[in-house]
Amino acid sequence: MLRSPLPLGTLDLDPAAAAPLYRQLYDALRGAILDGRLAAGARLPSSRILAVDLGVGRNTVLSAYEQLAAEGYLEGQVGAGTKVASVLPDRLLEVGRPRTDTRTAKPEAAAKLSRRGETIASVKRTAPRYERGQGRAFQHGLPAIDQFPAALWSRFLARCARDPRNGLFGYETGEGFRPLREAIAAHAGAARGVVCTPDQVIVTTGAQAALDLAARMVIDPGDDVWIEEPGYLGARGAFLGAGAELVPVPVDGEGIDVEAGISAGRTPRLIYVTPSHQFPLGVTLSLPRRLQLLDFARRERCWILEDDYDSEYRYAGRPLASLQGLDRAGRVLYMGTFAKTLFPALKVGYLIVPDTLIDAFRTAIRITGHVPPSAVQSALADFIGEGHFGTHVRRMRAVYAARQACLVAAIDAELGTFLEAAPGDGGMQLVAYLAPHASDREASEAAAEAGIQVTPLSAYHLGARRRNGLHMGFAAIPETQIGKSARRLAAILRESGTPRRV
């Protein structure tokens, strides 16, 4: 170790270290200046003397001095007296000072958010985690990424990104790449009974961007918005961010209780529903209630936002037609996503808007910047158009149906003393109910400590919860792991003292 006596103490340089000696000297002198051990105006040894003291070449010292001088730490002519700069910029002095932890600072010292910002930040959502392409048991909303034909997809993406003359290298594609909008319109029409033209399709960067865009365009601060109770937290955050007043409307075995919403006496500007597979309970909105909801929206001139997030995965019979397909008054905005059918990081979703809103939404999406990359849109259009999307969905429908059956059987065999699986005909997750006096939050926290992710049903309630339960995903978990994970969860609930079902 090389040392030199300076007023600031010793400078230690290590010839065996990976960093070159001049860089070590630079770092040591810079640190001494920033933390005050070398005061402003302090004179440094000449490069020759310091080189002798350290036992290094003079060029090593010269390189360090020159770099410090160039950055404003030192001043004077190298070789004719070098000293610490007499006035250091504030930004340099701040580097070495411990920063205030704004998380524990007094309110007046912490960064201020807008009221909307504070509201949005208060909506807590669990971030999904993947390990080797698989989700953690039993996270919800995660597809089986390891089953996606990644090699095939990469060829489509490479083909679209290879040639800058193909028109995909500009700033944006506005409301969406035309062939992709045509493919989405065709798919939604055939699979969900949606009635639309490609001009009505607005391509967004995922479902959350579609929610945000719809909220910006049809909600004013203070407007009432009906949301399902319990319901999707992402929608809650988007509407709160738009300044809406949320009106929770209960969900029962037939979906959202329209009559209960009407009885609340608060006519909404927007009604948000997940009619094909309610999130999180998994029930389907009955046909009578669909017609009642559409009639109410027509009479009161309010909008309906239909979130059809995973309708492709139904394992018994065919789903009812979309609300949009039944709408004759132009009051329904329909949204979908490829996050569940393909993979979340694709970040492609879409809105299908009524004719009267096309021009406004086309303008808005350019301003908000919710547009996915053109090459990704083009690759997805080809992937759908050449039949690969349909093939993948059909294959995954069979995989997920088997995994759902496996989880239901595992709950019955391993967790039956604690949980009762709710009936469901589709989706990628299910609800399992706890005993009435059990705490789903405590059960969820105990499971999380052991590496198992189950979301408490109470987290989806805006008001008081009706039943305690756990929201459990199965799509991203191989069947061979479902039973083992269920046994682990049973042991966790047993050890945590979770009450048994009577």
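Residues numbered from 1 in each chain as written. Predicted model: local features only at pLDDT ≥ 70, side-chain atom pairs only at ≥ 80, totals over all residues. Heavy atoms only, no water.

S.K.: Please explain the overall build of the chain as it appears in this structure.
M.R.: Scanning the chain for helices and strands turns up 17 helices and 19 strands. For the chain, buried positions account for 49% of its 502 residues. In the chain, the proportion of contacts linking residues at least 24 apart, taken out of those at least 6 apart, comes to 72%. Carbon and sulfur atoms provide 51% of the accessible area of the chain, an area that totals close to 23400 Å². (Helix = DSSP H or I, 4+ residues; strand = E, 2+ residues; numbered from the N terminus. Buried < 20%, exposed > 50% of the residue type's maximum accessible area, 1.4 Å probe, protein only. Contact = heavy atoms within 4.5 Å. Areas by Shrake-Rupley, 256 points an atom, 1.4 Å probe, with all protein chains shown as cover.)

S.K.: Would you take a moment to explain the packing of helix α15 (residues 388–414) against helix α17 (residues 479–495) for this structure?
M.R.: Two numbers describe how α15 lies on α17: the axes approach to 9 Å, and their chain directions differ by 30°. Judged by the inter-axis angle, α15 sits roughly parallel to α17. The element α15 and its partner α17 pack so that their crossing is right-handed. Contacts between α15 and α17 pair Ala402, Arg403, Cys406, Leu407, Ala410 and Glu414 from the former with Glu479, Ile482, Gly483, Ala486, Arg487 and Ala490 from the latter. Of the residues assigned to the contact of α15 with α17, the class counts are seven nonpolar, one polar and four charged. (Axes fitted to C-alpha atoms, helices over the stretch in contact; angles between N-to-C directions. Parallel < 35°, antiparallel > 145°, perpendicular 65-115°, else oblique. Left-handed = near helix turned anticlockwise from the far one by under 90°. Nonpolar A, V, L, I, M, F, W, Y, C, P; charged D, E, K, R; others polar.)

S.K.: Could you clarify how one ought to interpret the nonpolar core in this entry?
M.R.: Within soluble globular proteins, side chains that are nonpolar generally end up buried alongside one another. By size, the foremost hydrophobic cluster in this structure holds 64 residues, and its most contacted members are Phe138, Phe338, Leu419, Met472 and Leu489. Per-element tally for this core: the top contributor is α15, with eight residues. In contact with Leu419, not counting residues within four places along its chain, are Ile411, Ala432, Tyr433, Leu434, Leu470, Met472, Leu489 and Arg501. Ranked by size, the runner-up nonpolar core spans 44 residues in total, among them Leu213, Ala214, Leu233 and Phe239. (Core = buried A, V, L, I, M, F, W, Y, C linked by side-chain atoms within 4.5 Å.)

S.K.: Please clarify how the pairing of strand β9 (residues 224–229) should be interpreted in this entry.
M.R.: Both faces of the sheet carry side chains from a regular strand, because those side chains alternate between them. Of all six residues in β9, six are buried, a share of seventy percent or more. After leaving β9, the chain enters helix α9 (residues 233–241) and then returns to the sheet as strand β10 (residues 245–252), a path that is right-handed. The sheet contact formed by β9 and strand β12 (residues 270–273) spans two bridges and is parallel. Residue Val225 lies in a different strand from β12, and its bridge partner there is Leu270. (Right-handed = clockwise from strand over helix to strand, strands pointing away. Pairing = 2+ DSSP bridges.)

S.K.: Before we go on, may I ask you to explain the sheet that holds strand β16 (residues 420–421) in this structure?
M.R.: Hydrogen bonds between backbone atoms are what pair the strands of a sheet, whose relative direction is either parallel or antiparallel. With antiparallel pairing, four strands are arranged side by side in an open sheet as β16-β17-β19-β18. The open sheet is flanked by β16 and β18 (455–456), the only strands paired with a single partner. Bridge count between β16 and strand β17 (residues 429–433): two bridges; the pairing is antiparallel. Across the sheet, residue Ala421 finds its bridge partner in β17, namely Ala432. Packing of α15 onto the sheet brings it into contact with β16, β17 and β19 (469–473), and relative to β17 it is tilted by some 15°.

S.K.: In this structure, what is going on with empty space enclosed by the protein? I would like to understand it.
M.R.: Under the defined criterion, the tally for this structure stands at three cavities of 30 Å³ or more. The space that makes up the largest cavity amounts to roughly 60 Å³. Lining the largest cavity are His277, Leu281, Gly282, Gln404, Ala422, Pro423, Gly424, Gly426, Gln429, Leu430 and Val431. When the residues that make up the lining of the largest cavity are grouped by side-chain class, the tally is five nonpolar, six polar and no charged. One number sums up the size of the second largest cavity: a volume of about 50 Å³. (1 Å grid on protein atoms, 1.4 Å probe; cavity = no way out; pocket = protein on both sides within 12 Å on 5 of 7 lines; lining within 4 Å. Points joined across faces, edges and corners; volume = space filled by probe spheres on them.)

S.K.: Mind showing me how you'd approach the packing of aromatic side chains here?
M.R.: The geometry of an aromatic ring pair is captured by the separation of the ring centres together with the interplanar angle, meaning the angle of the planes. Counting across every chain of the model gives 14 aromatic pairs. Seen in terms of ring centroids, Phe148 and Phe383 are 6.0 Å apart; in terms of plane orientation they differ by 40°. Their pairing is tilted. One end of the pair, Phe148, is in the loop between β7 (134–135) and α6 (150–161); the other, Phe383, is in helix α14 (residues 374–385), with 235 residues separating them in the sequence. Residue Phe148 is classed as buried on the basis of its relative accessible area of 9%. Note on Phe279 and Tyr460: the rings are 5.4 Å apart at their centroids and 85° apart in plane angle, and the pair reads as edge-to-face. In this pair, Phe279 is assigned in the loop between β12 and α11 (287–300) and Tyr460 in the loop between β18 and β19, connecting sequence segments 181 residues apart. With respect to burial, Phe279 and Tyr460 carry one shared label: buried. Through a chain of ring-to-ring contacts, three or more aromatic side chains come together here, namely Phe148, Trp153, Phe156, Phe343 and Phe383. Taking the ring centre of Trp303 as reference, the NZ or CZ of Arg331 above it sits at 4.0 Å. (Phe/Tyr/Trp six-rings, centres within 6.5 Å; stacked < 30°, edge-to-face > 60°. Lys NZ or Arg CZ within 6 Å of the ring centre and 35° of its normal.)

S.K.: Any chance you could explain the pattern of salt bridges here in plain terms?
M.R.: A side chain with one charge can pair with a side chain of the opposite charge if their charged atoms come near. Under the counting rule described, the total for this entry stands at 21 salt bridges. Put simply, Glu414 and Arg487 hold a salt bridge, and the shortest N to O gap is 3.6 Å. You can see Glu414 sitting in helix α15 and its partner Arg487 sitting in helix α17, a full 73 residues away along the chain. Of the residues examined, Glu414 reaches a relative accessible area of 29% and is grouped as partly exposed. By relative accessible area, which is 45% here, Arg487 ends up partly exposed. One salt-bridge network, held together by shared partners, links Glu175, Arg178, Arg181, Glu182, Asp199, Arg362 and Arg366. (Salt bridge = Lys/Arg side-chain N within 4 Å of Asp/Glu carboxyl O.)

As far as function goes, none of this settles anything; it's purely spatial.
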